[in-house]
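A look at the structure
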Amino acid sequence: MRIKITAGGIHDGEGKEIPVGTEISVADHDDGTPHPWAGRFEVISGSQKGKKGANNDGALKAEHHGGGKFNITQGEQVLLEGLSKIDADAFNAMSDEDKQAFVTSQAKA
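Residues numbered from 1 in each chain as written. Predicted model: local features only at pLDDT ≥ 70, side-chain atom pairs only at ≥ 80, totals over all residues. Heavy atoms only, no water.

A word on the overall build of the protein. Of the regular secondary structure elements, the protein holds two helices and six strands. Each helix (α) and strand (β) of the protein, taken in turn from the N terminus, gives the series β-β-β-β-β-β-α-α. For the protein, with 109 residues in total, the buried portion stands at 25%. Long-range contacts, defined here as pairs at least 24 residues apart, represent 36% of the contacts in the protein between residues at least 6 apart. (Helix = DSSP H or I, 4+ residues; strand = E, 2+ residues; numbered from the N terminus. Buried < 20%, exposed > 50% of the residue type's maximum accessible area, 1.4 Å probe, protein only. Contact = heavy atoms within 4.5 Å.)

Moving on, we get to the sheet that holds strand 1 (residues 2–5). Overall, antiparallel pairing links the three strands, which are arranged 2-1-3 in an open sheet. Looking at strand neighbours, the two that pair on one side only are strand 2 (23–25) and strand 3 (41–45), the edges of this open sheet. Each adjacent strand pair in this sheet contributes to an overall mean axis angle of 35°, direction not counted. (Pairing = 2+ DSSP bridges. Axes fitted to C-alpha atoms, helices over the stretch in contact; angles between N-to-C directions.)

The next subject is the pattern of salt bridges. Applying the stated rule across the entire model yields two salt bridges. Glu-14 is paired through a salt bridge with Lys-16; the nearest N and O atoms lie 3.5 Å apart. Taking the relative accessible area as the measure of exposure, Glu-14 reaches 65% and is therefore exposed. Across the pair Lys-85 and Asp-89 runs a salt bridge whose closest N-O atoms are separated by 3.0 Å. Taken together, the residues span about one helical turn, with Lys-85 and Asp-89 both in helix 1 (residues 85–93) at a distance of four residues. A relative accessible area of 48% means that Lys-85 is categorised as partly exposed. Judged by relative accessible area, which is 40%, Asp-89 ranks as partly exposed. (Salt bridge = Lys/Arg side-chain N within 4 Å of Asp/Glu carboxyl O.)

All right, on to the confidence of the model for the protein then. Overall, the predicted model of the protein reaches an average pLDDT of 79, with 81% of residues at or above 70. The secondary structure element of the protein with the lowest average pLDDT is strand 3, at 77, and the one with the highest is helix 1, at 91. Predicted confidence for residues 49–53 stays below pLDDT 50, and this span has nine contacts to residues more than four positions away or in other chains. (pLDDT = per-residue confidence, 0-100.)

Let us look at the pairing of strand 4 (residues 60–66). Of the pairings in the sheet, the one linking strand 4 to strand 5 (residues 69–74) comprises six bridges and is antiparallel in character. Looking across to strand 5, one finds that Leu-60 is bridged to Gln-74. Between the end of strand 4 and the start of strand 5, which pair antiparallel, lie two residues, with Gly-67 showing a positive phi angle near 65°.

Along the chain, Gly-68 falls in the loop between strand 4 and strand 5. Sequence-wise, Gly-68 and Gly-82 are 14 residues apart; in three dimensions their C-alpha atoms are separated by 8.8 Å. Excluding its chain neighbours within four sequence positions, the residues that come into contact with Gly-68 are Leu-83, Ser-84 and Lys-85.

Inspection of the secondary structure assignment puts Asn-71 in strand 5. A residue is classified by how much of its surface remains accessible, and Asn-71, at 5% relative accessible area, is buried. One polar contact links the side chain of Asn-71 to the main-chain amide nitrogen of Gly-82, over a distance of 3.4 Å. Contact partners of Asn-71, with chain neighbours within four places excluded, come to Lys-61, Ala-62, Glu-63, His-65, Val-78, Leu-80, Glu-81 and Gly-82. (Polar contact = N/O pair within 3.5 Å; in protein donor to acceptor, adjacent residues only side chain to side chain.)

The following block contains the structure:
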């Protein structure tokens, strides 16, 4: 897929940070896990749409990030990081209105 870098922290094979705004082609990440760069790029062409683990419907979801931690995402954007599985399960059980209220309250904190 073709992506555009939208946030820092993505490095090339030589360890140099790729500048924000750079467009590159990468392999589609379709193994069922969230993309490790989630929230730091936007898909320009090709996509993970329909792939397990890709939050493409714009809904607020707590998804596994790795190392036993979960992130709250909306589409490809990461809104809150570092939740435990218990907190992630509780978040996913909330109504859409409660999810939005929780994310809003955490952004103000």
